[in-house]
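Structural characterization, general
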Amino acid sequence: MAIIIKSPGEIDAMRRAGMVVASILETLSKETKAGMTTRQLDDITVKELAKCGATASFKGYGGFPASLCVSVNDEVVHGIPGDRIIHDGDIVSLDFGAIVDGFHGDAAISIGIGKISHQAKQLMEATRGSLEAGIAAARPGAHLSDISAAIQHYVESRGFSVVREYTGHGIGRDMHEDPQVPNFGPPGHGPVLRKGMTFALEPMVNAGGWRTKVKNNRWTVVTADGSLSAHFEKDIAITDGEAEVLSPWELPT
Ligand code: MG
């Protein structure tokens, strides 16, 4: 498993790609309202990407038909934008990537529409907090699985479960580089983290069990038990100290 170490110039390109993704996610978080279709969110993403002079990472990737993944309620990831109408009380997960100067940025947020259930709120807080716990564990000299263990501990101590079949990943010139970054597992395993490594950390967390299945459209991943799911993602670079967040979206808590 070769982990590509990025030069400062390469990390700078990733910072620019990450900023594009972060700022468009912030725009989407403000513009997403009950009554809209999920396709309208993809349209906004396409328009904003063009304004930034960036290319969509997802469109056409493995045949994916859109620039944005929109996953609602029990949908975990890879929801395809379409005619589905967003309703009050929904959790909407938005995930997309952008290419700037040959490097990818990839990030995701989950947002609650109108008044959401207590469980939905707790689930989103746990998922977002677990991402921050993972970032805090991403220090030089630590092992890769220290990140995984920090995320799993944070989620499970709050009574939720971590999706196993989909993981975070290395990122750079390719959207998915080695290694995979699971959101579970014991600490102290895997490669030792070094300055210049770049990862997309992305806990996917279910209110019920961790198992998932794929819908008949061959893309959309849903929870096997129909429970709610949330997803937050940021790209990071390993530094001499705390990890640098390359796609630093900010959302009100
Ligand atoms: Mg990703």
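Below you will find a few notes about this structure. What you see is a predicted model, and the numbers here were worked out from it, not measured in a lab. (Residues numbered from 1 in each chain as written. Predicted model: local features only at pLDDT ≥ 70, side-chain atom pairs only at ≥ 80, totals over all residues. Heavy atoms only, no water.)

1. Digging into the overall build of the chain
Short version of the rule: Numbered from the N terminus, helices here are DSSP runs of H or I no shorter than four residues, and strands are runs of E no shorter than two. Radius of gyration here is computed from C-alpha atoms only, and the compact-globule reference equals 2.2 Å multiplied by the residue count raised to the power 0.38. Classification of residues uses two cut-offs on accessible area relative to the type maximum, computed with a 1.4 Å probe and protein chains only: under 20% is buried, over 50% is exposed, and between them is partly exposed. Every residue pair with non-hydrogen atoms within 4.5 Å of one another is taken to be in contact. Per-residue and other accessible areas were derived by the Shrake-Rupley procedure at a 1.4 Å probe size, with only the shown protein chains allowed to occlude residues.
For the chain, the helix and strand inventory stands at 4 helices and 15 strands. Computed over the C-alpha atoms, the radius of gyration of the chain is 17 Å, within 12% of the 18 Å expected from 2.2 N^0.38 for a compact globule of 253 residues. Counting over 253 residues, the chain shows a buried share of 54%. For the chain, contacts bridging at least 24 residues in sequence account for 71% of all contacts bridging at least 6. With an accessible surface of roughly 10,500 Å², the chain has 52% of that area assigned to carbon and sulfur atoms.

2. Comments concerning the coordination of the magnesium ion
The test is simple: Donors, by definition, are the N, O and S atoms found within 2.8 Å of a metal, the threshold being 3.2 Å for Na, K and Ca, and water is not counted, so a site can look incomplete.
At the metal site, the magnesium ion is ligated by Asp-106 (OD), His-169 (NE2), Glu-202 (OE) and Glu-233 (OE), and these contacts range over 2.1 to 2.4 Å. Binding-site remark: the magnesium ion is held by donors from one chain whose sequence spacing is D-x62-H-x32-E-x30-E. You can see Asp-106 sitting in strand β5 (residues 103–112) and its partner Glu-202 sitting in the loop between β9 (198–201) and β10 (204–206), a full 96 residues away along the chain.

3. Looking at the sheet that holds strand β15 (residues 244–245)
To keep things clear, this is the line we draw: Any two strands with at least two DSSP-identified bridges between them are counted as paired. Under this scheme, a helix contributes an axis fitted over its contacting stretch, all axes are lines through C-alpha atoms, and angles between N-to-C directions fall in the 0 to 180 degree range.
Strand order in the open sheet formed by 5 strands is β8-β7-β9-β14-β15, with antiparallel pairing between adjacent strands. In the strand order of this sheet, the two ends are held by β8 (177–181) and β15, each with one partner. Sheet analysis places strand β7 (residues 168–170) next to β9, joined by 2 bridges and oriented antiparallel. Paired with His-169 across the bridge in β9 is Ala-200. Set on the sheet, helix α3 (residues 118–137) makes contact with β9, β14 (234–237) and β15; between it and β14 the angle comes to about 10 degrees.

4. Comments concerning the sheet that holds strand β13 (residues 229–231)
Reading across the sheet, the 3 strands line up as β6-β10-β13 and stay open at both edges, with antiparallel pairing between neighbours. Strands at the two margins of the open sheet, each flanked by one partner only, are β6 (161–162) and β13. Against the sheet, α3 makes contact with β10 and β13, and its axis sits at roughly 35 degrees relative to β13, the strand it touches most.

5. Examining unusual backbone geometry
Residue Pro-179 is reached from Asp-178 by a cis peptide bond, and omega for that bond is -5 degrees. Here Pro-179 lies in strand β8. Phi is positive for Asn-73, which is not a glycine, with a value near 60 degrees. The topology assignment puts Asn-73 in the loop between β2 (68–72) and β3 (75–77). Within the chain, His-78 stands out as a residue other than glycine whose phi angle is a positive 65 degrees. Relative to the helices and strands, His-78 is located in the loop between β3 and β4 (91–100).

6. A word on the packing of aromatic side chains
Selection rule: Centres within 6.5 Å make a pair out of two Phe, Tyr or Trp rings, where for Trp the six-membered ring is used; the pair is then stacked when the planes are under 30 degrees apart, edge-to-face when over 60, and tilted otherwise.
Counted according to the given criterion, the structure contains 2 aromatic pairs. Between Phe-64 and Trp-219, the ring centres sit 5.0 Å apart and the planes meet at 85 degrees, which makes this aromatic pair edge-to-face. Note that Phe-64 is positioned in the loop between β1 (55–56) and β2 and Trp-219 in the loop between β11 (212–214) and β12 (221–223), a separation of 155 residues in sequence. Judged by centre distance (5.7 Å) and plane angle (40 degrees), the ring pair of Phe-232 and Trp-249 falls under tilted.

7. Digging into the pairing of β8
Alignment of β7 against β8, held across 3 bridges, turns out to be antiparallel. Bridge assignment links Gly-170 to a residue of β8, and that residue is Glu-177.

8. Things to note about the pattern of salt bridges
The criterion, for reference: Between Lys or Arg on one side and Asp or Glu on the other, a salt bridge is scored when a side-chain nitrogen of the former is within 4 Å of a carboxyl oxygen of the latter.
Within this structure, the stated rule accounts for 13 salt bridges. Linking Lys-215 and Glu-75 is a salt bridge whose minimum nitrogen-to-oxygen distance equals 2.9 Å. Of the two residues, Lys-215 is situated in the loop between β11 and β12 and Glu-75 in strand β3; the sequence distance between them amounts to 140 residues. The salt bridge involving Lys-121 is made with Glu-125; its shortest N-O contact spans 3.3 Å. Taken together, the residues span about one helical turn, with Lys-121 and Glu-125 both in helix α3 at a distance of 4 residues. Residue class for Lys-121 comes out partly exposed when judged on its relative accessible area of 44%. Among the charged side chains, a salt-bridge network with shared partners connects Asp-12, Arg-15, Arg-16, Asp-101 and Glu-244.

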